[in-house]
Amino acid sequence: MILRIIACVVLGYLFGTLNGAIVISKLTQHEDVRKKGSGNAGLTNFLRSYGGWSTLLVIVIDLGKMVAACLLATLIYPEDTDIAKMTAGVAVQFGHIFPIFFGLHGGKGILCSAALALIMDWRIFAIAFPLFVIIFVLTKLVSLGSIVAATAYGVLFVVFFADKPVVWAMGVFMAALAIFMHRSNIVRLIKGEERKTHLHKSKNEE
């Protein structure tokens, strides 16, 4: 059992290190997205810096790696697929945020967390994602939407996996990690200095 759980962790972490924003910026722009804008290797900074169709590739990679890791984890540890998926999912999140092949400097993992929510229980995604959208539409602040959605994420894992403390504990941990990764955004939000994102603007207007 322990060896298979470890295998899920290693597998998930390696999948997680395939950071979509970094990979696609290097392939399509021949530069590192972390040297642009906020310096974050995430979807928002990629969208602000480059925009265009390549943003979809970032989404596909970051969602796809979570799905692939979780599916493979259920084959490695079929006795409890929820534990297998959550273990791999947390590892993917760590790999995305701290990718060993990219100097441990990755993204904040919101897209990965959303994919895991959809995999674990669609109701978590169906509640948390609309919250993000509503906050973003009203404020144009991606970070505020992400923080609110992450908070709901942790609460919803407790609600829908109340009978599986290991699963909801990992869900709460992922939510806390996502909020922690937004600590600088929280400071800017408090100061009223957080940058807004306007999807209709081109990268030259940003």
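One can find the structure itself at the top, above this paragraph.
Residues numbered from 1 in each chain as written. Predicted model: local features only at pLDDT ≥ 70, side-chain atom pairs only at ≥ 80, totals over all residues. Heavy atoms only, no water.

Attention now goes to the overall build of the chain. A count of helical and extended segments in the chain gives 10 helices and zero strands. Reading the secondary structure of the chain in the N-to-C direction produces α-α-α-α-α-α-α-α-α-α. Taken over C-alpha atoms, the radius of gyration comes to 17 Å for the chain, in line with the 17 Å a tight globule of 206 residues would show. Along the first, second and third principal axes, the C-alpha atoms of the chain reach 50 × 35 × 25 Å. Relative to its 206 residues, the chain shows a buried fraction of 46%. Restricting the contact set of the chain to residue pairs at least 6 apart, pairs at least 24 apart contribute 66%. Entry remark: accessible area of the chain is about 10100 Å², with carbon and sulfur atoms responsible for 71%. (Helix = DSSP H or I, 4+ residues; strand = E, 2+ residues; numbered from the N terminus. Rg over C-alpha atoms; globule rule 2.2 N^0.38 Å. Buried < 20%, exposed > 50% of the residue type's maximum accessible area, 1.4 Å probe, protein only. Contact = heavy atoms within 4.5 Å. Areas by Shrake-Rupley, 256 points an atom, 1.4 Å probe, with all protein chains shown as cover.)

Below, the discussion takes up the packing of aromatic side chains. The final tally for this structure, using the stated rule, is eight aromatic pairs. An angle of 50° between the planes, with centres 5.0 Å apart, marks the rings of Tyr153 and Phe157 as tilted. You can see Tyr153 and its partner Phe157 sitting in helix H8 (residues 142-160), four residues apart, about one turn around the helix. Of the two residues, Tyr153 and Phe157, neither departs from the other in class, the shared state being buried. Cluster of aromatic residues (ring-pair linked, three or more members): Phe125, Phe129, Phe132 and Phe136. A cation over an aromatic ring shows up here: Arg183 above the ring of Phe180, its NZ or CZ 4.1 Å from the ring centre. (Phe/Tyr/Trp six-rings, centres within 6.5 Å; stacked < 30°, edge-to-face > 60°. Lys NZ or Arg CZ within 6 Å of the ring centre and 35° of its normal.)

Running from N to C, helix H1 (residues 2-16) and helix H4 (residues 54-76) point in directions that differ by 165°, and their axes come no closer than 9 Å. What the angle tells us is that H1 and H4 run roughly antiparallel. Note that H1 runs across H4; the crossing there is right-handed. Residues Arg4, Ala7, Cys8, Leu11, Gly12, Phe15 and Gly16 of H1 lie in contact with H4, whose contacting residues are Lys65, Ala68, Ala69, Leu72, Ala73 and Ile76. Looking at the contact of H1 with H4 residue by residue, the class counts come to nine nonpolar, two polar and two charged. (Axes fitted to C-alpha atoms, helices over the stretch in contact; angles between N-to-C directions. Parallel < 35°, antiparallel > 145°, perpendicular 65-115°, else oblique. Left-handed = near helix turned anticlockwise from the far one by under 90°. Nonpolar A, V, L, I, M, F, W, Y, C, P; charged D, E, K, R; others polar.)

Phi is positive for His30, close to 60°, though the residue is something other than glycine. Relative to the helices and strands, His30 resides in the loop between helix H2 (20-29) and helix H3 (43-49). Its relative accessible area of 68% is what places His30 among the exposed residues. Not every positive phi belongs to a glycine, and Lys140 is a case in point at roughly 65°. Secondary-structure assignment places Lys140 in the loop between helix H7 (122-139) and H8. Accessibility expressed as a relative area gives 28% for Lys140, which makes it partly exposed.

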